Amino acid sequence: MFVNKSFISKQNGIKRNVISKILITLALFGLAFCGAFWGSTPANAKSKVALKTYTQPFQNNTTSLSGQSVEMSTYFIKMDYWDVKQATLNLNYQVSQLSSRQLSDITVSLGGVKFASFRPKKQTGLQTKTIKIPLRLLSGENELQISGQILNQAGKKDYRLTQTPANWLTVDSRSAVNFQYALKAPTKTIDSFYDHFSGPDTIVNRDAYITVPNQANNAELSASMYALTGESRVITTENQQIPVAQFQTTAGQAADYQLVMAEYQHLPARFQKLFKRTDLRNAAQIKRYDAKGKHYLVVTATTGTLLEKAARFVANSELMKEAKQATETITAGTQTFTSTLNYDGKYQLTTSADKITGANHQERSYFVSLPVDRNNADGSTISIHLRYARNLDFKNSLATVYVNDTAIGSKRLSSARADNDTLTVALPRGMALGNSFTVRVALDLPMSDSSGTQDNTHTPWASIEPSSVARIKTAPGNDLLFSNYPNLFLKNSTYDNIAVVRPTTMTGTDYQTLTNIFNLIGNYAENNRGTIKFYDRQPSKATMADANVIAFGTPTKNRLIHHLNNHLYFKYNSAETGFLSNEKLSIEQRYGQTIGSAQLLRSPYNRKKGLLVVTGASANGTYLASTQINYQRNISQYTGDAIVVDPDNNHGNYRFKKNKLIDTTVNAKQQLSRHSQQLLYLGMALLMIGVVTVALFLLLWKHGALHRRRKGDRHE
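Each value, and the rule that gives it
- Residues numbered from 1 in each chain as written.
- Predicted model: local features only at pLDDT ≥ 70, side-chain atom pairs only at ≥ 80, totals over all residues.
- Heavy atoms only, no water.
- Pairing = 2+ DSSP bridges.
- Helix = DSSP H or I, 4+ residues; strand = E, 2+ residues; numbered from the N terminus.
- Axes fitted to C-alpha atoms, helices over the stretch in contact; angles between N-to-C directions.
- Contact = heavy atoms within 4.5 Å.
- Parallel < 35°, antiparallel > 145°, perpendicular 65-115°, else oblique.
- Nonpolar A, V, L, I, M, F, W, Y, C, P; charged D, E, K, R; others polar.
- Expected span 1.5 Å × (residues − 1).
- Buried < 20%, exposed > 50% of the residue type's maximum accessible area, 1.4 Å probe, protein only.
- pLDDT = per-residue confidence, 0-100.
- Phe/Tyr/Trp six-rings, centres within 6.5 Å; stacked < 30°, edge-to-face > 60°.
- Lys NZ or Arg CZ within 6 Å of the ring centre and 35° of its normal.
- Polar contact = N/O pair within 3.5 Å; in protein donor to acceptor, adjacent residues only side chain to side chain.
- Core = buried A, V, L, I, M, F, W, Y, C linked by side-chain atoms within 4.5 Å.

**Q** For this particular structure, what's the right way to read the sheet that holds strand β35 (residues 548–553)?
**A** Each strand in a sheet pairs with its neighbour through backbone hydrogen bonds, running either in the same direction (parallel) or in the opposite one (antiparallel). Ordered by their spatial adjacency, seven strands build an open sheet running β34-β33-β35-β37-β36-β38-β39, and the pairing between neighbours is mixed. Because the sheet does not close on itself, it has two edges, and the strands there are β34 (532–535) and β39 (651–654). Strand after strand, the sheet turns through a mean of 15° between neighbouring axes, direction not considered. Contacting β33 (498–501), β34, β35 and β37 (610–616), helix α9 (residues 508–524) runs over the sheet at an angle of about 150° to β35.

**Q** Where do I start with the packing of helix α4 (residues 218–234) against helix α7 (residues 304–314) in this structure?
**A** To describe two helices that pack against each other, one gives the angle between their axes and the distance between the axes. Between α4 and α7, the shortest axis-to-axis distance is 8 Å and the interhelical angle comes to 10°. With respect to their mutual orientation, α4 and α7 come out roughly parallel. Of the residues in α7, those touching α4 at A219, E220, S222, A223, Y226 and A227 are G304, L307, E308, A311, R312 and V314. Of the residues assigned to the contact of α4 with α7, the class counts are seven nonpolar, two polar and three charged.

**Q** Even after reading the chapter, I still don't get α9, so can you show me in this structure?
**A** Side chains three or four residues apart in an α-helix point the same way, a direct result of the helix having 3.6 residues per turn. Here α9 is 17 residues long and its end C-alpha atoms lie 26 Å apart, about the 24 Å a rise of 1.5 Å per residue gives. Within α9, 13 of the 17 residues are buried, which leaves it mostly tucked inside the rest of the structure.

**Q** What is the right way to look at the confidence of the model for the protein in this model?
**A** In the predicted model, the protein carries a mean pLDDT of 85, and 83% of its residues have values of at least 70. pLDDT under 50 marks residues 1–49. Its contacts with residues more than four places away, or in other chains, come to four contacts. Note that pLDDT drops below 50 for residues 451–457; the model gives that stretch five contacts with residues more than four away or on any other chain.

**Q** Where do I start with the packing of aromatic side chains in this structure?
**A** Any two aromatic rings considered together are summarised by their centre-to-centre distance and by the angle between their planes. Summed over the entire model, instances satisfying the criterion amount to 20 aromatic pairs. For the ring pair Y388 and F394, a centre distance of 6.2 Å and an interplane angle of 50° mean the geometry is tilted. Here Y388 and F394 have matching classes, each one buried. Members of the aromatic cluster, joined through ring pairs, are Y54, F76, Y81, W82, F179 and Y181. One residue, K584, lies across the ring of F656, its end atom 5.6 Å from the ring centre.

**Q** I'm lost on unusual backbone geometry in this one. Help?
**A** Most peptide bonds are trans, and most residues other than glycine sit at a negative phi. Cis geometry marks the peptide bond from Y485 to P486; its omega dihedral reads 5°. Checked against the element boundaries, P486 lands in the loop between β30 (474–476) and β31 (490–491). In this model, N404 sits at a positive phi of 50°, which is unusual for a non-glycine residue. Mapped onto the elements of the fold, N404 is located in the loop between β24 (398–403) and β25 (406–412). Although it is not a glycine, N492 sits at a positive phi angle of roughly 55°. Checked against the element boundaries, N492 lands in the loop between β31 and β32 (494–495). Taking relative accessible area as the criterion, N492 reaches 58% and is therefore assigned exposed.

**Q** Explain the environment of E143 to me, please; I cannot follow it from the model alone.
**A** Looking at the element boundaries, E143 is found in strand β8 (residues 141–149). By relative accessible area, which is 29% here, E143 ends up partly exposed. Each C-alpha atom, one on E143 and one on S73, is 6.6 Å from the other, the two residues being 70 residues apart in sequence. Those residues in contact with E143 that lie beyond four places of it in its chain are S73, T74, Y75, S109, L110 and G111. In this structure the side chain of E143 is engaged in a polar contact, spanning 3.2 Å, whose partner is the side chain of S73.

**Q** When you look at the nonpolar core in this model, what are you seeing that I'm missing?
**A** Across soluble globular proteins, you tend to see nonpolar side chains buried next to one another. The biggest cluster of nonpolar side chains holds 70 residues, and the ones touching the most others in it are F482, Y485 and F518. At seven residues, the largest contribution of residues to this core is made by α9. With 33 residues, the next largest nonpolar core counts L110, F118, L169 and F179 among its residues.

**Q** Honestly, the pairing of strand β13 (residues 208–212) in this entry has me stumped. Any pointers?
**A** Successive residues of a regular strand alternate their side chains across the two faces of the sheet. Among the five residues that make up β13, five are buried, leaving the element largely enclosed by the rest of the structure. Alternating residues of β13 divide into A208, I210 and V212 and Y209 and T211, and every residue in both groups is buried. Where β13 and strand β15 (residues 257–263) come together, four bridges link them in parallel fashion. Paired with Y209 across the two strands is Q258, which belongs to β15.

**Q** I keep staring at the sheet that holds strand β14 (residues 244–246) and nothing clicks. Help me out?
**A** Ordered in space as β14-β13-β15-β17-β16-β18, the six strands form an open sheet in which the pairing is mixed. In the strand order of this sheet, the two ends are held by β14 and β18 (327–330), each with one partner. When strand polarity is set aside, the average angle formed by the axes of neighbouring strands in this sheet is 25°. Note: strand β16 (residues 284–291) against β18, four bridges, orientation antiparallel. By the bridge assignment for β18, I286 is matched with E328.

Written out as structure tokens, the structure is:
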């Protein structure tokens, strides 16, 4: 037998020092294993924490659909820099209390691909349905369709074949799509920064700021407003905005994405070192920069003129998306203007054939937007080009056009015109559309008795063709009221020579006021060709007469407001510490020191122009007034020419001027043009009367002369 001699004359077991080494090794291995095991959970937890969420509400308002078969569409976007892990539809809806929960159903599809169907719950009131959206169906722009059949029954009798107004589905505007995603960091290029900076999640999270020097000069303020309005034009968040703030603002410094805008000599040193003075001799530059987890786009020049030129480049979304480099140089000759489409009064309702499948009542809605500085005039028409199936009950089939839920015309469908039918309706005279409206096409597609079968080949259908158009005659808006705001500061869809008279020194609150004022103007400005100029003191009378003036601030910090006090509808007391009572509102002394007011005046420098004053006895009062003119949902509440807001958000709408027209001569020209045909007929009638009168006169004169001649002959 073989014996290992190393174990002879030794204690049983293993030596103590060997045991220690093994124990240490095991302990280290155990710690490493535990670290790997337990460390995996925090890592996963960290990855979950790192996931961001964004809830995108429906673009539509609360929508009610009637008929057995109902369908609606809405749109949402997915940003390119999102690595989406999960997308969820949160559908808030309500169905008719009479509907059968066993027979009614709702189907959801994305881009025409159906992915979920369900039946309403056995309850009344608002319901919520949460549905996961397949990630494979997502694209950049997404069309979500909600369709179904709402069938009613009474007692034990089934009324599936009867269509009544009680067949309805309401989709609440609080419905939304929720994203969970990992954020892809921006690259070193300008276009990548622009995508992140303009992203809806960035703006909602207040991670995008435009920053300017602590005491920005007028050129820097003009440049920042070009950039702000350019962003306001393209962002999809209806009730959010990108703030403009000073360099020293804490919130601005904390933002992940900062657009820095200043003349070179006013830039902080850490930004100045990014540029060479020789490169800025006759040019402005836009440069990408990252530091300490923050992403910057620095826009600078040595002169205010070139800085404003660079700001127009930033305000052009097409140019910014095309800038695939880290630095962009702009000279005086660089073309920065936004491309525009010529407005010819014709709006295509759909770019592709909109096919409708299913019997009975069906509807489609189309949104039409007019240039903001124009309102619809009489003589507008809507033409719907249709194709439809031949198996309809043509005695009861019908097409109806609605504008903003007002029926304006109907037409019976015909088998002879099934392949090419057109319904053209004229808008009623005097019908006000505003700057946007909805065209709704309702089709009643009952099946003929011979087609009463469940075979899908006999399902009735209709198609609304791309040649369907709204031809809207327009005229410039001419009302000096907030119902026409901000139209009076725009012309040809751009800034109409806006002069902004600001406080001599700007506080952080003043920048918030300025952001509010220009956010809504930017929503409506479709291009960047117009001008915005700032003044820190009262401009010349010639400038005031030629420009559309906006003045904001307190009367003590803004001398123009001080001089305009006698023209204000809500005037200040002699000490300019608060507003006085007037015929519209009684104002307690201390209360008058806290409120703010926005007022649309007829300019004392040019009676054919308006003048906006946003003011309060304090900077906070001025800011309160600006909160009512920053978003469309706020300004839509006001139809007068003066607004008053207090710190508790109590606000009033007042009308002072009797004649609301900005320029009465424009209205006279419109009236003359509108009645030109009648005037032509009247002129022709007067001409005919004149010709007949002259002919009668000549005839009578000739007859009298002849009579006198005969009488003379008799005398002879």
